[in-house]
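Take a look at the letters that make up each chain.
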Amino acid sequence: MGTDSPVKDPRIFISYRRIDTKTRVTSLARDLSLKFGPNAIFVDTDKIRAGNKWREEIESALDAADVLLVAIGDKWLSATDLYYRRRIDNEDDWVRREISSALASKKAIIPIRFDGQASLEREALPEELWRLADLQSIELRESDWHEDFDKIIRRLGDFGFTSSAQIVPYPNPVIKEPVASEVEIKEFLRRYPEWNVQYRPHPTDPGAQRRGIGTTLTFRNFRDAIHFMATAAWGIDERNHHPEWENIWKSVVIWITQFDIGGDITGRNIELAEYLMSVYEPYAKTLRPT
């Protein structure tokens with residue numbers, strides 16, 4: 001009597017050009033690893049290429065992958081070799097080989113367009129990659145990273161990917177406030193155009209959405225970004241109202257909602273955002289031309 005074969009966890013291979021989207025892909029791979037576990041993600045890195053058998057490692061990882069994510073920025077098509085010939089037109093171009101191999105083996109492919117990059121047109125691609133232009137792509141914007149990242153997660157769910165992350169404990173309801181009026185929200189956004197209304201999945205109810213206000217603040221360097229977070233933490237704790245935020249290099253991504261009422265925008269959210277902008281002002285001045 002035979003035994004059942006173990007079920008293989010699905011894997012993701014990220015194809016990209018270093019000259020094009022290296023920094024963004026690093027962030028994407030990190031977020032995907034946090035969601036699905038580090039063993040579910042493969043991305044070519046300097047560490048891998050420093051080895052003696054990086055070509056074999058890439059080919060093996062691509063063969064084992066269930067989904068190919070193709071990261072496309074503004075230099076993806078136009079990148080050239082030493083003789084100013086487009087790399088994508090070279091049959092030995094690794095990006096072209098990765099996509100061609102995935103198409104031939106009928107793997108799932110999701111093109112990821114970064115920050116407004118237009119969808120690919122067949123006429124711009126070698127014939128063997130024409131089908132790439134027919135695939136539905138997802139835009140990943142830095143300004144709306146979490147919202148767009150959630151779209152990628154939902155699409156990957158169609159191919160069997162499930163979260164390996166632990167549920168983060170949220171506070172019990174303490175202060176229930178009325179939802180801010182649309183007039184209040186519009187007035188806040190008028191005064192602080194860096195912010196916008198964003199939606200995220202509810203942490204304990206995947207079918208529900210939470211509404212909040214979010215922004216990405218930029219700093220001169222990593223030290224300033226961390227210093228801002230440490231400085232703002234005092235006022236945040238005094239208010240007993242905490243944002244969801246994270247540091248990405250020299251940026252701080254912030255999102256604020258009222259968890260107590262199921263996830264919506266209140267006056268407390270707006271007041272906290274205003275406080276954070278007052279703390280940010282000295283750092284913003286260092287970015288302005290003198």
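Residues numbered from 1 in each chain as written. Predicted model: local features only at pLDDT ≥ 70, side-chain atom pairs only at ≥ 80, totals over all residues. Heavy atoms only, no water.

**Considerations on the side chain of N269**
Thought 1: Tracing the chain through its elements places N269 in helix 9 (residues 267-285).
Thought 2: Setting aside residues no more than four positions away along its own chain, N269 makes contact with I213, H241, I256, T257, Q258 and D264. (Helix = DSSP H or I, 4+ residues; strand = E, 2+ residues; numbered from the N terminus. Contact = heavy atoms within 4.5 Å.)

**So, the environment of M229**
Thought 1: Position of M229 among the secondary structure elements: in helix 8 (residues 222-239).
Thought 2: Taking the relative accessible area as the measure of exposure, M229 reaches 14% and is therefore buried.
Thought 3: Look past the residues within four positions of M229 in its chain and what remains in contact with it is W245, E246, N247 and V252. (Buried < 20%, exposed > 50% of the residue type's maximum accessible area, 1.4 Å probe, protein only.)

**Topic: the sheet that holds strand 6 (residues 196-201)**
Through backbone hydrogen bonds, the strands of a sheet pair up, either in parallel or in antiparallel fashion.
Thought 1: Taken together, 4 strands build an open sheet; the order of strands is 6-7-9-8 and the sheet is antiparallel. At either margin of the open sheet sits one strand with a lone partner, and together these are strand 6 and strand 8 (244-248). Put simply, the sheet's adjacent strands are angled 30° from each other on average, direction ignored.
Thought 2: Examined bridge by bridge, strand 7 (residues 209-218) and strand 9 (residues 251-256) share 6 bridges and lie antiparallel to one another. For T218, the partnering residue across the bridge sits in strand 9 and is S251.
Thought 3: Sheet contacts for helix 6 (residues 145-157): strand 6, strand 7, strand 8 and strand 9; angle to strand 6, the most-contacted strand, approximately 25°. (Pairing = 2+ DSSP bridges. Axes fitted to C-alpha atoms, helices over the stretch in contact; angles between N-to-C directions.)

**Looking at the confidence of the model for the protein chain**
Thought 1: For the protein chain, the average pLDDT comes to 87, and 88% of its residues sit at 70 or higher.
Thought 2: Between the elements of the protein chain, mean pLDDT differs from a low of 55, seen in helix 2 (residues 46-49), to a high of 97, seen in strand 3 (residues 67-72).
Thought 3: The low-confidence segment residues 1-7, where pLDDT is below 50, has 0 contacts with residues more than four positions distant or belonging to other chains. (pLDDT = per-residue confidence, 0-100.)

**Observations concerning the pairing of strand 9**
Thought 1: Counting buried positions along strand 9 yields 6 of 6 residues, so the element is predominantly enclosed.
Thought 2: Of the two faces of strand 9, the one holding S251, V253 and W255 and the one holding V252, I254 and I256 are both buried throughout.
Thought 3: Taken together, the 5 bridges between strand 8 and strand 9 define a ladder with antiparallel strand orientation. Bridged to N247 within strand 9 is V252.

**Digging into unusual backbone geometry**
For residues other than glycine, phi is negative in most cases, and the peptide bonds are mostly trans.
Thought 1: Positive phi is not limited to glycine here, since K106 has a value of about 60°.
Thought 2: In this structure K106 comes out as exposed when scored by relative accessible area, which is 71%.
Thought 3: One non-glycine residue, D115, adopts positive backbone phi at about 50°.
Thought 4: Within the secondary structure layout, D115 lies in the loop between strand 4 (108-114) and helix 5 (130-134).
Thought 5: Residue classification places D115 among the partly exposed residues on the basis of a relative accessible area of 37%.

**A word on the packing of helix 7 (residues 182-191) against helix 9**
Thought 1: Where helix 7 meets helix 9, the axes come as close as 11 Å, and the angle between the chain directions of the two elements is 10°. As judged from the angle between their axes, helix 7 and helix 9 are roughly parallel. Contacts between helix 7 and helix 9 involve E184, I185, F188 and R191 on the former and, on the latter, I270, A273 and E274.
Thought 2: When the residues that make up the contact of helix 7 with helix 9 are grouped by side-chain class, the tally is 4 nonpolar, no polar and 3 charged. (Parallel < 35°, antiparallel > 145°, perpendicular 65-115°, else oblique. Nonpolar A, V, L, I, M, F, W, Y, C, P; charged D, E, K, R; others polar.)

**Observations regarding the sheet that holds strand 4**
Thought 1: Taken in spatial order, the 5 strands line up as 2-1-3-4-5 in an open sheet, and their pairing is parallel. Edge strands, defined here as strands with exactly one partner in the open sheet, are strand 2 (41-43) and strand 5 (138-140). Between one strand axis and the next, the sheet turns by 25° as a mean value, whatever way the strands run.
Thought 2: Alignment of strand 4 against strand 5, held across 3 bridges, turns out to be parallel.

**Overview of the pattern of salt bridges**
Thought 1: Tallied over the entire structure, the rule returns 26 salt bridges.
Thought 2: The shortest N-O distance in the salt bridge between R141 and D144 comes to 3.7 Å.
Thought 3: On the basis of relative accessibility, which here comes to 10%, the residue D144 falls in the buried class.
Thought 4: One salt bridge connects K151 with D148, and the closest N-O pair in it is separated by 3.8 Å. Residue K151 and its partner D148 are located together in helix 6, separated by 3 residues, close to a single helical turn.
Thought 5: By relative accessible area, D148 is classed as buried at 1%. (Salt bridge = Lys/Arg side-chain N within 4 Å of Asp/Glu carboxyl O.)

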